[in-house]
Amino acid sequence: MKISVITMLRFHLFNLVEELSKFDNEISLHTAWRSEDARKRFMFEKIKINGHWFFGGMIYINQNFIHRQIKSSILKVINYIFSKYSVRQIPVNTDKIILCTTHYYPIIKTLKKYKAEIIIDHGSLHPRFEKKIMDKENKEYGFSSTGNEYNHWIGDWIEKECRYADKIFVCSNLAKKTFIDQGVEKNKVFVNKLGVRIDEFSLGMKSYEIDKNDVNIIIVGAVTPKKGIHRLIEALELLEKYNFRIKCAGALPEDTNLKNILNKKRKNINIDLIGKVPQSQLKTYYQAADLFILPSLFDGFGMVTTQALASGTIAAVSQSAGSSELIIDEKNGFIIPDITDPEASSEIIEKIICLPVLKRKKIAEHARHTMKVLDGWGNYGKCVNKNLMNNV
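Rules and cut-offs
Residues numbered from 1 in each chain as written. Predicted model: local features only at pLDDT ≥ 70, side-chain atom pairs only at ≥ 80, totals over all residues. Heavy atoms only, no water. Pairing = 2+ DSSP bridges. Helix = DSSP H or I, 4+ residues; strand = E, 2+ residues; numbered from the N terminus. Axes fitted to C-alpha atoms, helices over the stretch in contact; angles between N-to-C directions. Contact = heavy atoms within 4.5 Å. Core = buried A, V, L, I, M, F, W, Y, C linked by side-chain atoms within 4.5 Å. Buried < 20%, exposed > 50% of the residue type's maximum accessible area, 1.4 Å probe, protein only. Parallel < 35°, antiparallel > 145°, perpendicular 65-115°, else oblique. Left-handed = near helix turned anticlockwise from the far one by under 90°. Nonpolar A, V, L, I, M, F, W, Y, C, P; charged D, E, K, R; others polar. Expected span 1.5 Å × (residues − 1). Arc of directions from axis to C-beta. Polar contact = N/O pair within 3.5 Å; in protein donor to acceptor, adjacent residues only side chain to side chain. Disulfide = S-S within 2.5 Å. Phe/Tyr/Trp six-rings, centres within 6.5 Å; stacked < 30°, edge-to-face > 60°. Lys NZ or Arg CZ within 6 Å of the ring centre and 35° of its normal. Patch = residues over 30% accessible without salt bridge, like charges linked within 9 Å, V, L, I, M, F, W, Y side chains within 5 Å. Areas by Shrake-Rupley, 256 points an atom, 1.4 Å probe, with all protein chains shown as cover. Salt bridge = Lys/Arg side-chain N within 4 Å of Asp/Glu carboxyl O.

Caption draft 1: Representation of the sheet that holds strand S13 (residues 334-336) within the structure. Strand order across the open sheet formed by six strands is S10-S9-S8-S11-S12-S13, with parallel pairing between neighbours. Two strands lie at the open edges of the sheet, namely strand S10 (269-275) and S13, each paired on one side alone. Taking the axes of each pair of neighbouring strands and ignoring which way they run, one obtains an average angle of 25 degrees across the sheet. Relative to S10, strand S9 (residues 244-249) runs parallel, the two being bridged by six bridges. From the neighbouring strand, Lys247 faces S10, where its bridge partner is Asp272. Its contacts with the sheet put helix H10 (residues 229-237) on strand S8 (215-220), S9, S10 and strand S11 (291-294), and the angle it makes with S10 is roughly 155 degrees.

Spelled out as structure tokens, the structure:
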């Protein structure tokens with residue numbers, strides 16, 4: 001198949017390109033990465049890369065130097081121009097065109113001249129669903145209305161993209177349900193569960209002893225309200241006979257009320273905001289942690305879960321995250337059914353702490369096995385290739 005993939009940033013679509021290249025596919029990638037950087041970091045020997053680095057520079061400036069009140073408007077313009085620019089380089093005889101959501105809307109009319117099947121790929125839940133959850137959370141905690149779910153143009157564009165696309169790729173059954181609940185045709189939505197580079201997170205010997213006076217928890221990902229760390233803190237406060245050290249590896253919080261929650265001194269909780277950590281260094285944080293927790297209020301998947309499982313770190317994952325679908329409760333990890341229920345969440349965490357060391361070790365071994373069965377990103381690639389061949 002001749003496949004063109006359009007995605008400004010990496011997300012998981014670079015992994016999609018890498019895996020599809022292992023089949024009998026001719027692939028071109030259109031991205032805001034520099035071609036040399038993309039080829040150096042990924043196995044893109046057979047891939048034709050159109051690296052429009054100018055847009056990458058614009059994104060960097062927008063993220064780091066522009067006032068947040070106009071960031072969304074500028075991102076909208078960057079998306080629009082990038083899509084218009086990229087489509088000019090797609091061969092007319094392309095069989096499949098895969099686009100990250102928001103890249104399709106600006107070129108819907110242009111792509112009508114192609115006979116190619118159009119696929120949009122969305123890594124999160126439906127933005128309308130996410131906004132409904134955050135409306136409630138923001139009202140209760142006084143968080144500001146930020147995030148993609150509040151960029152109204154994104155929701156509008158995605159709804160139109162879903163209408164015109166031939167297929168919609170999502171990362172979990174949870175994500176699929178949110179799209180169907182928003183009126184998207186069921187037979188258009190396909191699930192491709194994400195993987196992990198096992199070699200990057202495979203660790204040597206790891207201790208499963210837990211010091212109840214110093215329980216080390218690792219949280220990986222941007223520290224934002226939707227990631228639910230404030231809910232986790234409420235649960236940990238109930239466990240007064242334990243002392244917790246939380247390390248947050250990810251973009252630092254911007255929301256004022258969330259900062260106030262994190263900066264508040266507590267008797268049994270110490271929070272260390274590390275900031276962004278290169279992926280190559282993450283395994284050292286998993287190695288040192290007693291417990292990985294993903295307390296998301298919602299998450300299309302949560303690749304950090306696959307990282308934790310591959311590293312053999314005991315994982316407790318919110319059921320509101322798509323990656324909870326990889327967890328067999330109490331066998332290869334733990335599911336937190338409702339992260340907004342502090343009593344129930346604290347019971348699960350205490351259960352993990354009180355488990356015999358050998359039991360925790362066995363759970364970690366099952367977690368590693370789960371990732372080996374997924375063959376890194378191998379199963380993901382096979383699933384994507386199969387869904388591309390599937391007729392709607």
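Caption draft 2: Here's a closer look at the sheet that holds strand S4 (residues 96-100). On the basis of which strands lie adjacent, the open sheet formed by seven strands has the order S3-S2-S1-S4-S5-S6-S7 and parallel pairing. Taken across any chain shown, the strands that pair with only one partner, and hence form the sheet edges, are strand S3 (48-51) and strand S7 (189-191). With direction set aside, neighbouring strand axes in the sheet form an average angle of 20 degrees. When strand S1 (residues 2-6) meets S4, the two strands line up parallel, connected through four bridges.

Caption draft 3: A look at the nonpolar core. Ranked by internal contacts, the top residues of the largest apolar core, which has 73 residues, are Leu111, Ile217, Phe244 and Ile349. If you tally residues by element for this core, the top one is helix H7 (residues 152-164), at five residues. Dropping the residues within four chain positions of it, Leu111 is found in contact with Val87, Ile97, Leu99, Tyr104 and Ile118. One finds Leu29, Phe292, Leu326 and Leu374 within the second-largest nonpolar core, a separate group that totals 51 residues.

Caption draft 4: Quick peek at unusual backbone geometry. Positive phi outside glycine occurs at Phe11, with the angle close to 45 degrees. Here Phe11 shows up in the loop between S1 and helix H1 (13-20). Positioned with a positive phi, Glu330 is a non-glycine residue whose angle comes to about 70 degrees. Following the sequence through the fold, Glu330 ends up in the loop between strand S12 (315-318) and S13. Owing to a relative accessible area of 36%, Glu330 belongs among the partly exposed residues under this scheme.

Caption draft 5: Expanded view of the packing of helix H12 (residues 279-288) against helix H13 (residues 303-311). Two elements in contact, H12 and H13, have axes whose closest approach is 10 Å; the angle formed by their N-to-C orientations is 55 degrees. Here H13 runs oblique to H12, going by the angle between their axes. In this structure, H12 crosses over H13, and the sense of that crossing is right-handed. Taken together, the residues of H13 that come into contact with H12 (itself represented by Gln279, Leu282 and Tyr286) are Val304, Gln307, Ala308 and Ser311. Here the contact of H12 with H13 is composed, by residue class, of four nonpolar, three polar and no charged.

Caption draft 6: Local environment of helix H15 (residues 357-373). For H15, which comprises 17 residues, the first-to-last C-alpha distance of 25 Å matches the rise-based estimate of 24 Å (1.5 Å per residue) to within 8%. Burial in H15 covers these residues: Arg360, Ile363, Ala364, Ala367, Thr370 and Met371. Viewed along the axis of H15, the buried residues span an arc of 110 degrees, placing them on a single side of the element. The exposed set on the far side of H15, more than 90 degrees from its buried face, consists of Leu358 and Lys372.

Caption draft 7: Focus on the side chain of His30. As for its placement among the helices and strands, His30 is situated in strand S2 (residues 26-31). A distance of 3.3 Å separates a polar atom in the side chain of His30 from a polar atom in the side chain of Asn50. The residues touching His30, leaving out its near neighbours within four places in the chain, are Ser4, Val5, Ile6, Thr7, Asn50, His52, Phe82, Ser86, Gln89 and Ile90.

Caption draft 8: Structural detail: helix H11 (residues 256-263). Taken as a whole, H11 has its buried residues at Leu258, Ile261 and Leu262. Taken around the axis of H11, the buried residues stretch over an arc of 95 degrees, which confines them to a single face. In H11, the exposed positions angled more than 90 degrees off the buried face are occupied by Thr256 and Asn263. Against the buried residues of H11 lie helix H6 (127-141), H10 and S10.

Caption draft 9: Inspection of the state of the cysteines at higher detail. On inspection of all chains with the given rule, the structure shows zero disulfides. Cys162 takes part in no disulfide bond, and the closest cysteine sulfur to it belongs to Cys100, at a distance of 12 Å. Of the residues examined, Cys162 reaches a relative accessible area of 5% and is grouped as buried.

Caption draft 10: Representation of the packing of aromatic side chains in the model. What the rule picks out here adds up to 17 aromatic pairs. It is Lys167 that lies over the ring of Phe190; its NZ or CZ is 5.4 Å from the centre.

Caption draft 11: Highlighting the packing of H1 against helix H16 (residues 378-389). At a minimum axis separation of 9 Å, H1 and H16 run at an interaxial angle of 80 degrees. Comparing the axis directions of H1 and H16 gives the class roughly perpendicular. For the pair H1 and H16, the contacting residues are Asn15, Leu16, Glu19 and Leu20 in the first and Gly378, Tyr380, Gly381, Val384, Asn385 and Leu388 in the second.

Caption draft 12: Structural detail: a nonpolar patch on the surface. Taken together, the side chains of Trp53, Phe54, Met58, Tyr60, Ile61 and Phe65 make up a nonpolar region of the molecular surface, amounting to roughly 700 Å² of accessible area. Tracing the backbone shows Phe65 in helix H3 (residues 53-65). Residue class for Phe65 comes out exposed when judged on its relative accessible area of 60%.

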